[in-house]
Amino acid sequence: MATMTSLIGLINKIQRACTVLGDHGGQGMSLWEVLPSVAVVGGQSSGKSSVLESIVGRDFLPRGSGIVTRRPLVLQLHQIESGTEYAEFLHAPRKRFTDFAAVRKEIADETDRITGKTKQISNVPIHLSIYSPHVVNLTLIDLPGLTKVAVEGQSETIVSDIENMVRSYVEKPNCIILAISPANQDIATSDAIKLARDVDPSGERTFGVVTKLDLMDKGTNAVDVLEGRAYRLQHPWVGVVNRSQADINKNVDMIYARRKEREYFETSPDYGHLASRMGSEYLAKLLSEHLELVIRQRIPSIIALINKTIDELNAELDRIGRPVAADGAAQLYTILELCRAFDRVFKEHLDGGRPGGDRIFGVFDNQLPAALKKLPFDRYLSLKNVQKVVTEADGYQPHLIAPEQGYRRLIDGAISYFKGPAEASVDAVHFVLKELVRKSIAETQELKRFPTLQTDIATAANEALEKFRDESRKTVLRLVEMESSYLTADFFRKLNAEPEKTTNPSGKKSNAESDKNAKTDANQSLTGERLSESYLRRIGSNVNAYIAMVCDTLRNTIPKAVVYCQVREAKRSLLSNFYAQVGRREKERLSAMLDEDPQLMERRMQLFKRLELYKSARDDIDLVAWK
Ligand SMILES: Nc1nc2c(ncn2[C@@H]2O[C@H](COP(=O)(O)OP(=O)(O)OP(=O)(O)O)[C@@H](O)[C@H]2O)c(=O)[nH]1
């Protein structure tokens, strides 16, 4: 029996813990739902509060007109060996109430705290524990009275709201229904019995209670009901006589009321033969024993649920990641591990396995050639411009042989056009890399929890990429400048050789025409006359040919430089600086870097608490149930 008693205590404890975790009846599958409990249901004024109070032996429930019970009240009775009675609310843990009038006030206030004074209802329970030598271990849930009409100030839906809430409790297979019906009303029309019949048609988990036996019309009695003939239930019906309104007004003591009740049955001509099975005290004992029995039966399924939930909670905790270590060295290690995880993803993007690296190839294969093709050499090497540049090149000096300076200037000018596409390639690759950093951070599962570290890594990686970009830009510009700094002499030697093809092998001019051509090609400016159009055209096309050669070279060398300076460096040393910095950081900064998303921390904490609850519940049950 001692074991039995502690079973109810155990379930009480788990129920309280469930409420702390926001895990109470009416929301999804929870531990709460498999825990057996007793819910008190009945129409308004059927005497629910009176029954509860006489089971407790204290009056402590708010009374008044209209719907007084607007939140479920989970009333946990704990039997203590001796000492003064006291009450405790879960929402005000360290406060002991010895004055039960104050308990009543606190229930009313706490109800209003959630529902406002609006007469609305809420399904968030109030937990009240009463410790007393005069109670049996029992958990009862007081629910709002079923009603048929909304009174003033209540919403239209109040009738169905109440019924739905009550139903959400009593339809659970583990709920024992204490169905209160007043004797001065036909049992067939009792709200409590109607609802109980609905959710528990076989009457297995319904206890019928008849109140107000003393108020029945003279000459009538409830023996038919109490003996189970009017409406059959699996459990015996219990009749009670509570304090009348007049008794309440006179503050009739509950203990006295219990005695009067006992006397009523013992001396009643109608119910005398049932006296030992009637009254509030008998009801309390009956319920307590039944509750213990049910708990015992349910233990295997409770343990099964607990085990299943523990597995689920552990899996969820693994998924969101365990909490970060507290000491500096471990934190540094964690940060470096996370960086490496990021780096791995980043490299996969570049080397293949993940998309993105191909976009860099795209820059070299499409963007750069297209940009080179678009360079305005046609305009630059137009007859007019060639003439302008060549004429200006030698200043007041006449051209002695070929316009050397003119050629150089034209070529220099043309080559400088390559700077644009070269820099554009650098920038394009920079943006691809930056985008890959962003993507890699998002794709690194391990980093998901650490928004601060994500930002830190992004900043460090982007700073490194900027540096690589600067280096790369310098290098490609240098490549372009190198092309102007020393021209390929061979090309011009070949050019100079060409006009001589028109001369004969002996070297003597073959005729006046070729003689004239040769003169035109090399020495026209000797005359100091303006350069002929065809000569300028020739210069233009020579420069164009040279530039085409340079273009081919740069098309090949710019990608090499860009890959060398940016891509290769990104792969080699994207976070090198960061590693060095982090290594020097103090513990506080390291912890700050490992700050997690507050929502996630909150979630983990919830999961942890729940896990703790379930684990300790399992331990407790093991201890109590298999002793
Ligand atoms: N004479 C007599 N009066 C009773 C008995 N039971 C309840 N009453 C009275 O009936 C009225 C309603 O009783 P409550 O216990 O407040 O009923 P309730 O179902 O809790 O009412 P609500 O919470 O308002 O739905 C009170 O005035 C009680 O004194 C009884 O057995 N005999």
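Residues numbered from 1 in each chain as written. Predicted model: local features only at pLDDT ≥ 70, side-chain atom pairs only at ≥ 80, totals over all residues. Heavy atoms only, no water.

Where we set the bar: UniProt positions are given in the numbering used here, feature names are shortened, and annotations may be inferred rather than shown by experiment.
The protein chain is annotated in an unreviewed UniProt entry as DYNAMIN RELATED PROTEIN 1C, DYNAMIN-like 1C, ARABIDOPSIS DYNAMIN-LIKE PROTEIN 5 from Hibiscus trionum. Annotation of the protein chain in UniProt includes, under Catalytic activity (unreviewed entry), the sentence "GTP + H2O = GDP + phosphate + H(+)". Per UniProt, the protein chain has the following entry under Sequence similarities (unreviewed entry): "Belongs to the TRAFAC class dynamin-like GTPase superfamily. Dynamin/Fzo/YdjA family."

**Let's talk about the overall build of the protein chain**
The criterion, for reference: Each helix is a run of DSSP H or I of at least 4 residues and each strand a run of E of at least 2, with the numbering of both proceeding from the N terminus. Contact criterion: two residues are considered in contact whenever any of their non-hydrogen atoms come within 4.5 Å of each other. What sets the accessible areas is the Shrake-Rupley method with a 1.4 Å probe; for residues, cover comes only from the shown protein chains.
A tally of regular secondary structure across the protein chain gives 23 helices and nine strands. For the protein chain, the proportion of contacts with a sequence separation of at least 24, taken over those separated by at least 6, is 80%. Carbon and sulfur atoms provide 52% of the accessible area of the protein chain, an area that totals close to 31,300 Å².

**Description of the environment of threonine 334**
Here is the rule we go by: Distance and chemistry together define a polar contact, namely a pair of N or O atoms within 3.5 Å, with one atom able to donate a hydrogen and the other to accept it when in protein, and with adjacent residues in sequence counting only for side-chain atoms on both sides.
Here threonine 334 is to be found in helix 11 (residues 328-351). Look past the residues within four positions of threonine 334 in its chain and what remains in contact with it is Val324 and Leu594. In terms of polar contacts, threonine 334 uses its side chain to reach the backbone carbonyl oxygen of alanine 330, at 2.7 Å.

**A word on the environment of serine 382**
Inspection of the secondary structure puts serine 382 in the loop between helix 13 (377-380) and helix 14 (383-393). Measuring from C-alpha to C-alpha, the distance between serine 382 and arginine 537 comes to 8.1 Å, with 155 residues separating the pair along the chain.

**Considerations on the pairing of strand 7 (residues 175-182)**
Our working rule: Think of it in three bands: with a 1.4 Å probe and only protein chains considered, a residue is buried below 20% of the maximum accessible area for its type, exposed above 50%, and partly exposed in between. The rule for pairing is simple: two strands pair if DSSP sees at least two bridges between them. When the strands point away from the viewer and the connection leading from the first strand across the helix to the second strand turns clockwise, the crossover is called right-handed.
Among the eight residues that make up strand 7, eight are buried, leaving the element largely enclosed by the rest of the structure. Of the two faces of strand 7, the one carrying Cys175, Ile177, Ala179 and Ser181 and the one carrying Ile176, Leu178, Ile180 and Pro182 are both buried. Alignment of strand 1 (residues 37-42) against strand 7, held across six bridges, turns out to be parallel. Opposite valine 38, over in strand 7, you have isoleucine 176 as the bridge partner. Here strand 7 pairs with strand 8 (residues 206-211) via six bridges, running parallel. Note on strand 8: the bridge partner recorded for serine 181 is valine 210. Read as a crossover between parallel neighbours, the route from strand 7 over helix 6 (residues 191-199) to strand 8 is right-handed.

**Quick notes on the site of the ligand**
Just so we agree on the cut-off: Definition of nearness: a residue and a molecule or strand are near each other if at least one heavy atom of the residue lies within 4 Å of the molecule or strand. Residues are grouped as follows: Ala, Val, Leu, Ile, Met, Phe, Trp, Tyr, Cys and Pro are nonpolar; Asp, Glu, Lys and Arg are charged; every other residue, Gly included, is polar.
By nearness alone, 19 residues border the ligand, and Ser49, Ser50, Asp214, Asn242 and Gln245 come closest of all. Measuring from an oxygen atom of the ligand, one finds a backbone N or O atom of glycine 47 at 2.9 Å. Here a nitrogen atom of the ligand sits 2.9 Å away from a polar atom, N or O, in the side chain of aspartate 214. In isolation the ligand offers 640 Å² of accessible surface; the protein chains occlude 91% of this area. Among the secondary structure elements, those contributing two or more residues to the shell around the ligand are helix 3 (48-56) and helix 8 (245-249). Take the shell around the ligand: its biggest share by element is three residues, from helix 3. Its residues assigned to classes, the shell around the ligand shows three nonpolar, 11 polar and five charged.

**Topic: the nonpolar core**
Under the convention used in this document: We define the nonpolar core as a collection of buried residues of types Ala, Val, Leu, Ile, Met, Phe, Trp, Tyr and Cys that are connected through side-chain atoms lying within 4.5 Å of one another.
Counting 71 residues, the largest nonpolar core has Phe418, Leu453 and Leu574 as its most contacted members. At 14 residues, helix 20 (residues 533-573) tops the list of elements feeding residues into this core. Excluding residues within four positions of it along the chain, leucine 453 makes contact with Ile335, Leu338, Leu447, Phe578, Met593 and Leu594. Within the second largest apolar cluster, 60 residues are counted, among which are Leu10, Ile14, Phe97 and Ile295.

**Examining the sheet that holds strand 1**
Selection rule: Where helices are involved, their axes are fitted lines through C-alpha atoms of the stretch in contact, as for all axes, and angles between N-to-C directions lie from 0 to 180°.
Read from one edge of the open sheet, nine strands run 4-3-5-2-6-1-7-8-9, paired in mixed fashion. Both edges of this open sheet fall to strand 4 (92-97) and strand 9 (238-239), since each of them pairs with a single strand only. When strand 1 meets strand 6 (residues 138-142), the two strands line up parallel, connected through three bridges. Paired with valine 38 across the bridge in strand 6 is leucine 140. Across the sheet, helix 10 (residues 280-320) is in contact with strand 1, strand 6, strand 7, strand 8 and strand 9; its angle to strand 6 comes to roughly 105°.

**Describing the pattern of salt bridges**
Stated formally: Any carboxyl oxygen of Asp or Glu that lies within 4 Å of a side-chain nitrogen of Lys or Arg is treated as forming a salt bridge with it.
Considering all chains together, one arrives at 38 salt bridges under this definition. The partner of aspartate 427 in a salt bridge is arginine 469, and the shortest N-O contact between them spans 3.1 Å. Here aspartate 427 is found in helix 16 (residues 419-443), whereas its partner arginine 469 is found in helix 17 (residues 451-485), with 42 residues between them in sequence. The partner of glutamate 471 in a salt bridge is lysine 474, and the shortest N-O contact between them spans 3.9 Å. A residue pair is termed a helical-turn pair when its members lie 3 or 4 positions apart in one helix, as glutamate 471 and lysine 474 do in helix 17 at three residues. For lysine 474, a relative accessible area of 46% translates into the label partly exposed. Among the charged side chains, a salt-bridge network with shared partners connects Glu423, Asp427, Glu466, Arg469, Asp470 and Arg473.

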